[in-house]
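Residues per chain are reported as follows:
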Amino acid sequence: MNNTYNKSLSANSQLAQKSVNRCFDGEQHYYSHQSTATKTPMTFSIYLPDEALAGRLCPAVLYLSGLTCNADNVTHKAHFQQKCSELGMIFIAPDTSPRTDEGNDSDSSEVPNDERYFVGQGASYYVDATQQPWAEHFNMQSYIVDELYDLLRSEFPIHSMGITGHSMGGHGALLLGFKFPSKFVSVSALSPVSAASESAWGQAAYTEYFGDDQSLWSQADASKMIEKVGQQYASILIDQGAADNFLAEGQLQTGKLQDACTKAKQPLTLRYQAGHDHSYYFIQSVINDHIEHHWRMAQLS
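First, a word on scope: everything that follows refers to the structure included in this document. No experiment lies behind these values; they were computed from the predicted model shown.

### Regarding the packing of helix 8 (residues 222-229) against helix 10 (residues 254-264)
Phase 1: Running from N to C, helix 8 and helix 10 cross one another at 5°; their axes reach a closest spacing of 8 Å. One finds that helix 8 runs roughly parallel with respect to helix 10. From helix 8, Ser223, Ile226 and Glu227 reach across to helix 10, where they touch Lys256, Leu257, Ala260, Cys261, Lys263 and Ala264.
Phase 2: Along the lines of polarity and charge, the residues of the contact of helix 8 with helix 10 split into 5 nonpolar, 1 polar and 3 charged.

### Looking at the pattern of salt bridges
Phase 1: In total, this model carries 13 salt bridges according to the counting rule given.
Phase 2: For Arg22, the salt bridge is made with Asp50, and the minimal N-O distance between the two is 2.8 Å. In this pair, Arg22 is assigned in strand 1 (residues 16-22) and Asp50 in helix 1 (residues 50-53), connecting sequence segments 28 residues apart.
Phase 3: Of the charged contacts in the structure, one is a salt bridge between Arg271 and Asp289, with a shortest N-O distance of 2.8 Å. Of the two residues, Arg271 is situated in strand 9 (residues 268-273) and Asp289 in helix 11 (residues 280-299); the sequence distance between them amounts to 18 residues.
Phase 4: The exposure class of Asp289 is partly exposed, given its relative accessible area of 30%.
Phase 5: Look at the salt bridges and you will find they share partners, linking Lys83, Glu86 and Glu292 into a network.

### Considering the environment of Val119
Phase 1: Note on placement: Val119 falls in the loop between strand 5 (90-94) and helix 4 (140-155).
Phase 2: Separated by 52 residues in sequence, Val119 and Leu67 place their C-alpha atoms 8.8 Å apart.
Phase 3: Every residue in contact with Val119, bar those within four places of it in the chain, is listed here: Asp114, Trp134, Phe138, Ala204, Ala205, Glu208 and Tyr209.

### Points about unusual backbone geometry
Phase 1: Pro133 follows Gln132 through a cis peptide bond whose omega is 5°.
Phase 2: As for its placement among the helices and strands, Pro133 is situated in the loop between strand 5 and helix 4.
Phase 3: One non-glycine residue, Thr68, lies in the positive phi region at around 75°.
Phase 4: Within the secondary structure, Thr68 sits in the loop between strand 4 (58-64) and helix 2 (71-77).
Phase 5: Located in the positive-phi region is Tyr126, a residue other than glycine, with phi close to 60°.
Phase 6: On the secondary structure map, Tyr126 appears in the loop between strand 5 and helix 4.

Parameters at a glance
- Residues numbered from 1 in each chain as written.
- Predicted model: local features only at pLDDT ≥ 70, side-chain atom pairs only at ≥ 80, totals over all residues.
- Heavy atoms only, no water.
- Axes fitted to C-alpha atoms, helices over the stretch in contact; angles between N-to-C directions.
- Helix = DSSP H or I, 4+ residues; strand = E, 2+ residues; numbered from the N terminus.
- Parallel < 35°, antiparallel > 145°, perpendicular 65-115°, else oblique.
- Contact = heavy atoms within 4.5 Å.
- Nonpolar A, V, L, I, M, F, W, Y, C, P; charged D, E, K, R; others polar.
- Salt bridge = Lys/Arg side-chain N within 4 Å of Asp/Glu carboxyl O.
- Buried < 20%, exposed > 50% of the residue type's maximum accessible area, 1.4 Å probe, protein only.

Limitation: the analysis is restricted to geometry and does not speak to function.
As structure tokens, this is what we get:
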């Protein structure tokens, strides 16, 4: 990749710029493109600090959002831009799944959905489904770690990339970070679904995506993946709201993540934040620590 970036896309770019807004010492951009992995249009936001706009290679963090979310939620609500501006950090937020595009004549009109918010559009778990009708479009693992990853590295001045996420996206960050450690220099998560194959949410989704093949469920479980592959990072950071109702209901199972890291000898900083729930108010409260975590790890890469 060229070490210069003049705020214009390459001549043969697949990206269409949707919007640009000045924000602190940088710009908040939105882009869309036609995905080969999902066979649908996909959208992502990217915050570019002035260092990146001037052509300097910068560390980046890829944020995977949770159930029902899209690229807007974290971009509008998490308030990460000021810290990224201060540190010279790129922040990328893709959508959570392929979606039906009402105004498009492409195959996106056939994207499957489910009335359960933890199964259908907006709930991909960042895996590649093997069962129909999901397998045609729900290939979010391939989209994130192959297609989008390469597209970002080719179009923007990215030095290295960490991965983080919230809830279902925290599961995705842990799963993909440990499954593909050569692509990411750092991992963190906020209120992650730590053992998706053993949560009611994950079991409902995986029954649809993988059928009854429990070996596929296991391969799409963050805690089981960490235990399988062992230590991959100098340290990972997890924040969990102590008053999170989904923790109390057993959807997150943070203890299983802690056990997996102990067995894998993976250094873990796990913080239970008193009084905090599962909302973006919680994310606002800890997101700067996660950005700093990824920035520090990038300095070592």
